Amino acid sequence: AKITLMNVLVVGAGYMAVEYYKVLKALDVQPTVIGNSQASADTFYENTGVSPLLGGLDKHIDSLSGNTFDAVIVASPEHLIGLHSQTLMEKGFHKILVEKPGGFDLDDISAVHKASQATQSDVFVAYNRRFFASTLAAKKLIAEDGDLQSFRFEFSEWGHVISGLEKAPGVKDQWFLNNSTHLIDLS
């Protein structure tokens, strides 16, 4: 199926925003990107050749219109995704793809859900691994074999790797929700 060209807003200019940009570019969509810091904007530019608008969502939200964009991707830092999603809905943006898990913590996720109901917004959480070719192939093989009878799921995180990551305060305290649920979503 051919995808109609869309006008997309990407909020965030970090690693995930770069990855979304690559996908959008492959679909011939040239998004508008908003970054917060000069450092993330520089990295985004190095990886894409595109300079994001600087100053963050708060600086630009009043000059943007929900009617101008077909969709928004919220790829902000973990501690801001819920706040940014709610702000966008309040300002008339009603088709939103938000990075997992959809908010910083359970209260934030709940607030995003309530805002989506109040504004009649379509908010999708980017648990994309369920759509990987390998996942779809495994599901097909399982269905062809008579469906799943049982399975064993083992999960661990590499604390020695995570401890060295630079994250905003509180992000590592919410690591299971903010990162690990991506993997657990596959089970």
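Anything mentioned here points back to the structure above.
Residues numbered from 1 in each chain as written. Predicted model: local features only at pLDDT ≥ 70, side-chain atom pairs only at ≥ 80, totals over all residues. Heavy atoms only, no water.

**Student:** Help me out: how do you make sense of the sheet that holds strand β5 (residues 122-125) in this one?
**Tutor:** Within a sheet, each strand pairs with its neighbour through backbone hydrogen bonds, oriented either parallel or antiparallel. The strand order across the open sheet built from five strands is β2-β1-β3-β4-β5, with neighbouring strands paired in parallel fashion. The open sheet has two edge strands, β2 (32-34) and β5, and neither has a second partner. Mean inter-strand twist for the sheet, computed between neighbouring axes without regard to direction, equals 20 degrees. Here strand β4 (residues 95-98) pairs with β5 via four bridges, running parallel. Looking at the pairing, Val-98 lines up with Val-125 of β5. Contacting β1 (8-11), β3 (71-74) and β4, helix α1 (residues 15-26) crosses the sheet at an angle of about 165 degrees to β1. (Pairing = 2+ DSSP bridges. Helix = DSSP H or I, 4+ residues; strand = E, 2+ residues; numbered from the N terminus. Axes fitted to C-alpha atoms, helices over the stretch in contact; angles between N-to-C directions. Contact = heavy atoms within 4.5 Å.)

**Student:** Would you take a moment to explain the pairing of β3 for this structure?
**Tutor:** Regular strands place their side chains on alternate faces of the sheet. The alternating pattern of β3 places Ala-71 and Ile-73 and Val-72 and Val-74 on opposite faces, both of which are buried. Where β3 and β4 come together, three bridges link them in parallel fashion. Paired with Ile-73 across the two strands is Leu-97, which belongs to β4. After leaving β3, the chain enters helix α4 (residues 81-90) and then returns to the sheet as β4, a path that is right-handed. (Buried < 20%, exposed > 50% of the residue type's maximum accessible area, 1.4 Å probe, protein only. Right-handed = clockwise from strand over helix to strand, strands pointing away.)

**Student:** Would you take a moment to explain the environment of Val-112 for this structure?
**Tutor:** Here Val-112 shows up in helix α5 (residues 106-118). Note on Val-112: relative accessible area 5%, which makes it buried. When the C-alpha atoms of Val-112 and Leu-83 are compared, they prove to be 7.9 Å apart, with 29 residues separating the residues in sequence. Those residues in contact with Val-112, other than ones at most four positions away along the chain, are Gly-82, Ser-85, Gln-86, Met-89, Gly-102 and Val-123.

**Student:** Even after reading the chapter, I still don't get the packing of aromatic side chains, so can you show me in this structure?
**Tutor:** To describe a pair of aromatic rings, one takes the distance between the centres and the angle between the planes. In this structure the tally under the stated criterion is two aromatic pairs. Each ring, one from Tyr-21 and one from Phe-44, has its centre 5.6 Å from the other, and the planes form 75 degrees; the classification is edge-to-face. Of this pair, Tyr-21 sits in helix α1 while Phe-44 sits in helix α2 (residues 38-48), and the two are 23 residues apart along the sequence. Across the pair, Phe-44 and Tyr-21 agree in class, each one buried. Taken together, a centroid distance of 6.2 Å and an interplanar angle of 35 degrees make the contact between Phe-69 and Phe-93 tilted. With Phe-69 in the loop between α3 (56-60) and β3 and Phe-93 in the loop between α4 and β4, this residue pair connects regions lying 24 residues apart in the sequence. Exposure remark for Phe-69: the relative accessible area of 9% places this residue in the buried category. Its relative accessible area of 1% is what places Phe-93 among the buried residues. (Phe/Tyr/Trp six-rings, centres within 6.5 Å; stacked < 30°, edge-to-face > 60°.)

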